[in-house]
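What follows is the residue order along each chain.
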Amino acid sequence: QVQLVESGGGLVQAGGSLRLSCAASGNIVSIRAMAWYRQAPGKQRELVAQITGGGSTNYADSVKGRFTISRDNAKNTVYLQMDSLKPEDTAIYYCNVKWYNSIVVLQDSWGQGTQVTVSS
């Protein structure tokens, strides 16, 4: 089993910044990719940003230039630095980790979610 512990959400004014963290622990042999998704009320969950084991990143068009994803491989932790926040960034943010177990089967784990609220 793998546990994902998220932190860093909260309430911020438009134009402000927040940094989310997600630490993975458990029977992880290696991590293929780590990502952040978000889900706003009444909307589907969407990919915000992803970083692979090799460090390649991709972002949703709506956050390019404002958000930065990074990871600490030694700590199995992924971060999302969110700058120039807008009210439309308000959502529950979920950490996602795709990892291999001891028999090299790809697994998919989700964090519990952290609320980000941006006031206008």
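A short tour of the structure in this document, coming up. (Residues numbered from 1 in each chain as written. Predicted model: local features only at pLDDT ≥ 70, side-chain atom pairs only at ≥ 80, totals over all residues. Heavy atoms only, no water.)

## Details of the nonpolar core
A general trend in soluble globular proteins is that nonpolar side chains are found buried together.
Thinking step 1. Counting residues in hydrophobic clusters, the biggest one holds 30 residues, and the most contacted among them are Trp36, Leu80, Met82 and Tyr93.
Thinking step 2. No other element matches strand 9 (residues 91-100), which puts 5 residues into this core. (Core = buried A, V, L, I, M, F, W, Y, C linked by side-chain atoms within 4.5 Å. Buried < 20%, exposed > 50% of the residue type's maximum accessible area, 1.4 Å probe, protein only. Helix = DSSP H or I, 4+ residues; strand = E, 2+ residues; numbered from the N terminus.)

## Some details on the state of the cysteines
Thinking step 1. Within the structure shown, the criterion is met by 1 disulfide.
Thinking step 2. One disulfide in the model links Cys22 with Cys95; its S-S distance is 2.1 Å. In this structure, the disulfide formed by Cys22 and Cys95 twists by about -80° around the S-S bond and is classed as left-handed. Here Cys22, found in strand 3 (residues 18-26), pairs with Cys95, found in strand 9; they are 73 residues apart in sequence, far enough to count as distant. The residues Cys22 and Cys95 share a single accessibility class, namely buried. (Disulfide = S-S within 2.5 Å.)

## Thoughts on the pattern of salt bridges
Thinking step 1. In this structure the tally under the stated criterion is 5 salt bridges.
Thinking step 2. The salt bridge involving Arg38 is made with Asp89; its shortest N-O contact spans 3.0 Å. You can see Arg38 sitting in strand 4 (residues 30-39) and its partner Asp89 sitting in the loop between strand 8 (77-82) and strand 9, a full 51 residues away along the chain. As far as the burial class goes, Arg38 and Asp89 line up, both buried.
Thinking step 3. Asp61 is the partner of Lys64 in a salt bridge, and the nearest nitrogen-oxygen pair spans 3.1 Å.
Thinking step 4. Judged by its relative accessible area of 64%, Asp61 falls in the exposed class.
Thinking step 5. The network of salt bridges with common partners includes Arg38, Glu46, Arg66 and Asp89. (Salt bridge = Lys/Arg side-chain N within 4 Å of Asp/Glu carboxyl O.)

## A short note on the environment of Pro41
Thinking step 1. When you line up the elements, Pro41 lands in the loop between strand 4 and strand 5 (46-52).
Thinking step 2. Looking at Pro41, the relative accessible area reads 73%, which means it is exposed.
Thinking step 3. Sequence separation of Pro41 and Ala91 is 50 residues, and the distance between their C-alpha atoms is 7.1 Å.

## Structural notes on the packing of aromatic side chains
Thinking step 1. Enumeration over the complete set of coordinates arrives at 1 aromatic pair.
Thinking step 2. Positioned over the ring face of Tyr79 is Arg19, at 4.1 Å from the centre of the ring.
Thinking step 3. Across the ring face of Tyr94, the terminal group of Arg45 is positioned such that the distance to the ring centre comes to 3.8 Å. (Phe/Tyr/Trp six-rings, centres within 6.5 Å; stacked < 30°, edge-to-face > 60°. Lys NZ or Arg CZ within 6 Å of the ring centre and 35° of its normal.)

## Details of the sheet that holds strand 7 (residues 67-72)
Thinking step 1. Strand order in this open sheet of 4 strands is 1-3-8-7, and the pairing throughout is antiparallel. What marks the edges here is a single partner per strand, and that holds for strand 1 (2-7) and strand 7. Neighbour-to-neighbour, the strand axes of this sheet turn through a mean angle of 15°, independent of strand direction.
Thinking step 2. Relative to strand 8, strand 7 is paired through 6 bridges, and the arrangement is antiparallel. Note that in strand 8 the partner of Ser70 across the bridge is Tyr79. (Pairing = 2+ DSSP bridges. Axes fitted to C-alpha atoms, helices over the stretch in contact; angles between N-to-C directions.)

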